[in-house]
Amino acid sequence: MDKFIVIMAGGSGTRLWPLSREVKPKQFINIDNGNCMLVRTIERVLEIVPAERCFIVTNKILANITQNTIKGLVPLSNILIEPEKKNTAACISYATLLLKERYGEGILCFVPADGYVKDNKAYKDAIERAFDAAEKTDDLVIIGITPTYPATGYGYIQTDNSEDSKKIMRVMKFIEKPDLETAKKLISTGEYLWNGGILVGSMDAIIKNIMEFLPDHYNRLTEAITHVNEGNGNTYIENAYNEIKNISFDNGVLENSKDVYVVKGSFDWDDIGSIEALSKTMEFDDAGNAIRGKHLGVETCNSVVVGEDKLIATMGIDSLIIISTPDVVLVCPKNKAQDIKTIVDILKCNGYKNLL
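The structure presented is a predicted model; accordingly, all values stated were derived computationally and were not measured.

### Looking at the side chain of S248
- Along the chain, S248 turns up in the loop between α8 (233–243) and α9 (249–254).
- From its side chain, S248 meets the backbone nitrogen of N251 in a polar contact 3.0 Å long.

See below:
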């Protein structure tokens with residue numbers, strides 16, 4: 001069967017505010033002083049499938065920026081537009097049903113647009129093994145990543161503790177983002193892998209699981225897609241999205257299915273879920289500061305300083321995050337990096353829509 005890769009590129013990245021905004025979320029932020037994460041993801045997957053079998057799912061707010069970003073990489077007709085953000089269950093269901101309608105059969109691999117990977121060879125190897133596993137088992141397959149530290153921002157997958165990194169393992173249990181002590185215990189067992197959000201399965205296997213565990217998604221989106229080529233086809237899709245539940249594919253399907261397998265990926269990986277994580281892709285000075293833009297520092301150490309339009313001068317600071325954009329200045333301790341989304345929530349409640 002033909003293999004397809006679908007890049008999920010509709011996220012918002014609120015923990016990276018103010019660099020990440022609703023109209024330019026984190027997958028469009030340049031890293032390593034180079035291309036943005038979406039472009040890097042496309043370049044990685046094009047080593048696995050040809051451009052005509054690489055698709056991108058995003059929402060209508062991000063349609064223009066996505067089109068402008070991917071020009072020359074994949075056909076613009078391969079951008080699948082959701083009417084709104086409705087989590088990964090909607091994204092995966094919609095894309096699978098639409099591609100099933102177009103191609104009849106095939107194996108799909110869904111990957112997030114915002115994963116940061118440097119070892120492209122190991123990434124490619126893991127996805128190719130997941131494709132093979134999905135074809136062999138005719139069930140759902142995910143890629144688990146070997147943990148390198150007790151992360152509290154990632155979900156974990158319990159496996160059957162196989163020492164053979166090439167083996168297809170059955171998923172025993174999913175664990176949502178744990179606290180630090182729990183994360184330490186999980187990785188000490190050797191049974192747990194990070195959940196990198198990569199899903200592989202034949203179109204029929206994915207649809208079978210959607211029908212069983214998310215029947216409303218299946219019924220409403222299937223009906224809407226029958227009208228997609230009509231003049232008012234988008235209205236049917238919008239109505240379906242209004243009516244389906246906002247739920248992740250993990251919560252809606254994977255945690256309920258008994259037939260989910262995992263292959264182990266040995267590549268480096270980070271979902272860049274905070275400004276501190278983003279800083280690890282930047283260059284550091286002799287005082288341990290991650291700097292992007294113009295900065296003058298006196299007695300400044302272990303900090304993250306990002307400026308887009310003006311010089312940032314600092315004195316006598318340690319372990320701070322300072323972000324300056326044309327309309328916002330953010331200052332917070334590094335150990336509060338994961339809580340920045342709280343500011344975004346407050347802005348929403350207080351009418352600062354122009355800053356989101």
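### A few points about the nonpolar core
- Grouped together as the largest cluster of nonpolar side chains are 46 residues, with contacts concentrated most on I5, I7, L38, V111, I127 and F267.
- Counting residues per element, this core draws most heavily on helix α4 (residues 120–137), at eight residues.
- Apart from the residues lying within four places of it in its own chain, the contact partners of I5 are V45, I48, V49, R53, C54, F55, C109, V111, I127 and F131.
- If you look at the next biggest cluster of nonpolar residues, it comprises 44 residues, including L140, I237, Y241 and I244.

### Side note on the pattern of salt bridges
- Within this structure, the stated rule accounts for eleven salt bridges.
- The closest approach of N and O atoms between R129 and D125, which form a salt bridge, is 3.0 Å. Taken together, the residues span about one helical turn, with R129 and D125 both in helix α4 at a distance of four residues.
- With relative accessibility at 28%, the residue D125 sits in the partly exposed group.
- Linked by salt bridges that have partners in common, D216, R220 and E243 make up one network.

### So, the packing of helix α6 (residues 203–213) against helix α7 (residues 215–225)
- α7 packs onto α6 with a crossing angle of 115 degrees between their chain directions and a minimal axis gap of 5 Å. The angle between the axes of α6 and α7 places the two elements in the roughly perpendicular class. Residues I207, I210, M211, E212 and F213 of α6 touch α7, and the partners they reach there are P215, H217 and Y218.
- Broken down by class, the residue content of the contact of α6 with α7 amounts to six nonpolar, one polar and one charged.

The rules behind these values
- Residues numbered from 1 in each chain as written.
- Predicted model: local features only at pLDDT ≥ 70, side-chain atom pairs only at ≥ 80, totals over all residues.
- Heavy atoms only, no water.
- Helix = DSSP H or I, 4+ residues; strand = E, 2+ residues; numbered from the N terminus.
- Polar contact = N/O pair within 3.5 Å; in protein donor to acceptor, adjacent residues only side chain to side chain.
- Core = buried A, V, L, I, M, F, W, Y, C linked by side-chain atoms within 4.5 Å.
- Buried < 20%, exposed > 50% of the residue type's maximum accessible area, 1.4 Å probe, protein only.
- Contact = heavy atoms within 4.5 Å.
- Salt bridge = Lys/Arg side-chain N within 4 Å of Asp/Glu carboxyl O.
- Axes fitted to C-alpha atoms, helices over the stretch in contact; angles between N-to-C directions.
- Parallel < 35°, antiparallel > 145°, perpendicular 65-115°, else oblique.
- Nonpolar A, V, L, I, M, F, W, Y, C, P; charged D, E, K, R; others polar.

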